[in-house]
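Chain and residue survey
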Amino acid sequence: MSKINDLKVGVRLGGAFAVVGVLLCGAVGVGAAGISSAREATDRLEAGTAVRGAALTAKFRTADFAGWQTGYAFDTLRGVPKAADDTVGQRKNFVASTAAFREDLDELAGLELTATQREGLRRAESAFEDFMDVDGRIVAAYRDGTPARMDEANDLVAGEALEHFERAATAVDELATEAVANAAAAAADARAASDTALRLMLGAGALCLLLAAGLAVAVTRTITRPLAATVQTLRTIAAKDLTVSVDTGRRDELGDMARALAQTVGVLRDAFGVIARHSATLTGASRELTAVSGRMDGAATGTAARSDQVAATAEQVSANVQTIAAASEEMSTTIAEIAGSVSEAARVAGTGVRTVRNAGETVAKLGASSAEIGSVI
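All of the points below concern the structure found in this document. The model shown is predicted, which means the values in this text are computed figures rather than measured ones.

1. Topic: the overall build of the protein chain
Counting its regular elements, the protein chain contains seven helices and zero strands. The helix and strand sequence of the protein chain, counted from the amino end, reads α-α-α-α-α-α-α. Within the span of the protein chain, comprising 377 residues, buried residues form 24% of the whole. Split by element, the accessible area of the protein chain, about 23700 Å² in all, is 63% carbon and sulfur.

Written out as structure tokens, the structure is:
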């Protein structure tokens with residue numbers, strides 16, 4: 001079983017289908033052999049039936065042409081006109097009957113005959129040829145019409161012709177009897193072959209079905225059992241139990257899946273181990289954070305007290321700011337007055353500059369006049 005488990009699932013399934021195919025081919029072969037045997041028996045039955053039919057027809061035909069010969073002989077003795085003519089009355093029927101009998105013998109010769117039947121046919125043909133030779137002598141004597149020849153013909157009809165007829169009829173009767181027996185035996189063989197073929201087909205089909213079912217169960221178990229084990233492992237993991245073990249001894253796709261699952265379980269174990277260690281660290285950090293929170297709470301209480309002091313100081317600063325704002329407003333008024341004075345001084349200074357400029361021009365003119373006076377002097 002371990003070797004089977006080492007095979008790939010596809011190989012196992014393909015092998016199972018191949019075996020089922022071989023079994024099916026075997027069943028079909030058995031059925032085909034049975035059908036072939038039944039067909040051979042049926043062919044023998046058909047051949048035997050054909051021989052039996054032709055032999056019985058020939059048997060009845062012997063009595064037919066013998067009766068027609070006796071009939072045209074009596075017609076001749078009774079003085080019926082043209083009683084010995086081949087185209088008139090019972091002689092005409094005799095000719096037609098003997099021709100048909102010859103065709104019956106030819107038909108028998110073309111069928112599948114046993115050695116005994118072939119020998120009986122040969123004896124029937126020989127006796128019939130002798131009978132026809134005697135009939136030729138009989139009809140010739142009747143056509144001659146003399147008393148001696150008529151007596152000769154009568155003796156031949158009642159003597160030698162009957163002997164040859166008896167030989168031919170006996171040979172054909174034996175052939176027909178054997179043909180009937182062979183046909184009955186062939187029918188029995190056909191029924192037996194058909195029954196045997198049916199039993200073989202049913203037995204082979206049942207055997208193939210049982211073998212295919214057993215093979216299907218065996219192959220299915222090699223797949224479903226490890227799958228069920230894997231599903232159970234996954235359910236155990238889902239229940240938060242990572243201590244489960246996984247069978248990784250197989251070498252097929254299910255073994256690959258089991259090994260992958262084992263690796264997954266190992267990774268989960270490592271991950272949960274790390275998480276556990278980090279949880280311990282986080283617990284310590286939480287304790288430290290609690291302590292720090294306590295210290296921060298105390299500091300916050302002190303800060304609140306200081307905040308009250310800062311609020312009082314802020315109120316005092318606000319009052320000082322308001323005083324400064326009033327002083328700033330007064331300073332702005334003073335600055336505005338100073339700005340007006342400065343503007344006026346600037347205007348006066350501009351006027352003084354223009355006056356000085358005019359005075360400069362006047363002095364320049366006086367300088368020029370003094371120069372001219374000096375030249376005059």
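2. With respect to the packing of helix α2 (residues 9-77) against helix α3 (residues 89-109)
One way to put it is that α2 packs onto α3 with a least axis distance of 8 Å and a crossing angle of 160 degrees. Compared by their axis directions, α2 and α3 come out roughly antiparallel. For α2 against α3, the interelement crossing comes out left-handed. Class assignment of the residues belonging to the contact of α2 with α3 gives a composition of 11 nonpolar, eight polar and six charged.

3. Here's the deal with the layout of surface pockets
Roughly 250 Å³ of internal volume is contained in the largest pocket. Taken together, 14 residues make up the lining of the largest pocket; nearest its centre are Arg-44, Ala-47, Gly-48, Glu-112 and Asn-182. Among the elements of the structure, α2 and α6 (160-238) are those that each provide at least two residues to the lining of the largest pocket. Looking at side-chain class alone, the lining of the largest pocket contains six nonpolar, four polar and four charged residues.

4. Topic: the packing of aromatic side chains
Scanning the model with the defined rule gives eight aromatic pairs in all. Ring geometry for Phe-65 versus Phe-128: centroids 5.6 Å apart, planes at 65 degrees, classification edge-to-face. Of the two residues, Phe-65 is situated in helix α2 and Phe-128 in helix α4 (residues 115-144); the sequence distance between them amounts to 63 residues. In terms of burial, Phe-65 and Phe-128 fall into one category: buried. Sitting over the face of the ring of Tyr-72, Arg-91 holds its NZ or CZ atom 4.9 Å from the ring centroid.

5. Here's the deal with the environment of Ala-179
By the secondary structure assignment, Ala-179 is in helix α6. Considering only alpha carbons, one finds Ala-179 and Arg-52, 127 residues apart in sequence, at a separation of 4.6 Å. Ignoring any residue separated from it by four or fewer positions in sequence, one finds Ala-179 in contact with Gly-48, Val-51, Arg-52, Ala-55 and Gln-117.

6. Examining unusual backbone geometry
Even without a glycine there, the phi angle at Lys-82 is positive, about 55 degrees. Checked against the element boundaries, Lys-82 lands in the loop between α2 and α3. Exposure remark for Lys-82: the relative accessible area of 60% places this residue in the exposed category.

7. Quick notes on the nonpolar core
By size, the foremost hydrophobic cluster in this structure holds 35 residues, and its most contacted members are Phe-65, Phe-101, Leu-108, Ile-138 and Tyr-142. Those elements that place two or more of their residues in this core are α2, α3, α4, α5 (147-158) and α6. If one sorts the elements of this core by residue count, α4 sits on top with nine residues. Beyond its immediate chain neighbours, meaning those up to four positions away, Phe-65 contacts Phe-94, Ser-97, Thr-98, Phe-101, Phe-128, Phe-131 and Phe-165. Counting five residues, the second-largest nonpolar core is a separate cluster that includes Val-9, Val-219, Ile-223 and Leu-254.

8. Side note on the side chain of Gln-117
Inspection of the secondary structure puts Gln-117 in helix α4. On the basis of relative accessible area, Gln-117 is assigned to the buried category, the value being 3%. Here Gln-117 is in contact with Val-51, Glu-112, Leu-175, Glu-178, Ala-179 and Asn-182, once residues within four sequence places are set aside.

What counts and how
- Starting afresh in each chain, residues are numbered from 1 along the sequence in its written order.
- Given that the model is predicted, a residue must reach a pLDDT of at least 70 before its local features are reported, and side-chain atom pairs must reach 80 or more before they are shown or counted; all residues, however, enter totals for whole chains, interfaces and linings.
- Computation of side-chain values covers all heavy atoms of the structure but excludes hydrogens and water.
- Only runs of H or I of at least four residues qualify as helices and only runs of E of at least two qualify as strands under DSSP, and these elements are numbered from the N terminus.
- Exposure classes here rest on a 1.4 Å probe applied to the protein chains alone. A residue is buried below 20% of its type maximum, exposed above 50%, and partly exposed in between.
- What sets the accessible areas is the Shrake-Rupley method with a 1.4 Å probe; for residues, cover comes only from the shown protein chains.
- To obtain an axis, a line is fitted to C-alpha atoms, over the contacting stretch when the element is a helix, and the angle between two such axes runs from 0 to 180 degrees between their N-to-C directions.
- Oblique is the label for any angle not covered by the other classes, which are roughly parallel (under 35 degrees), roughly antiparallel (over 145) and roughly perpendicular (65 to 115).
- Here a crossing is taken to be left-handed if its near helix is turned anticlockwise relative to the far helix by less than a right angle, and right-handed if that turn runs clockwise.
- Note that Gly is not counted as nonpolar here; it falls among the polar residues with everything else outside the nonpolar set of Ala, Val, Leu, Ile, Met, Phe, Trp, Tyr, Cys and Pro and the charged set of Asp, Glu, Lys and Arg.
- Here a cavity is any set of points on a 1 Å grid over the protein atoms alone where a 1.4 Å probe fits but cannot get out, and a pocket is any open set with protein on both sides within 12 Å along at least 5 of 7 lines; a residue lines the site when it has an atom within 4 Å of a point.
- Grid points are joined across faces, edges and corners, and a volume is the space filled by probe spheres set on the points.
- Two aromatic rings, drawn from Phe, Tyr or Trp (for Trp, its six-membered ring), form a pair once their centres lie within 6.5 Å of each other, and the interplanar angle then sorts them: stacked below 30 degrees, edge-to-face above 60, tilted otherwise.
- Think of it as a cone above the ring: NZ of Lys or CZ of Arg counts as a charge over the ring if it is within 6 Å of the ring centre and within 35 degrees of the ring normal.
- In what follows, residue pairs with any heavy atoms lying within 4.5 Å of each other are defined as contacts.
- Take the buried residues of types Ala, Val, Leu, Ile, Met, Phe, Trp, Tyr and Cys, join any two whose side-chain atoms come within 4.5 Å, and each joined set is a nonpolar core.

Purely spatial values, then, with no claim about function.
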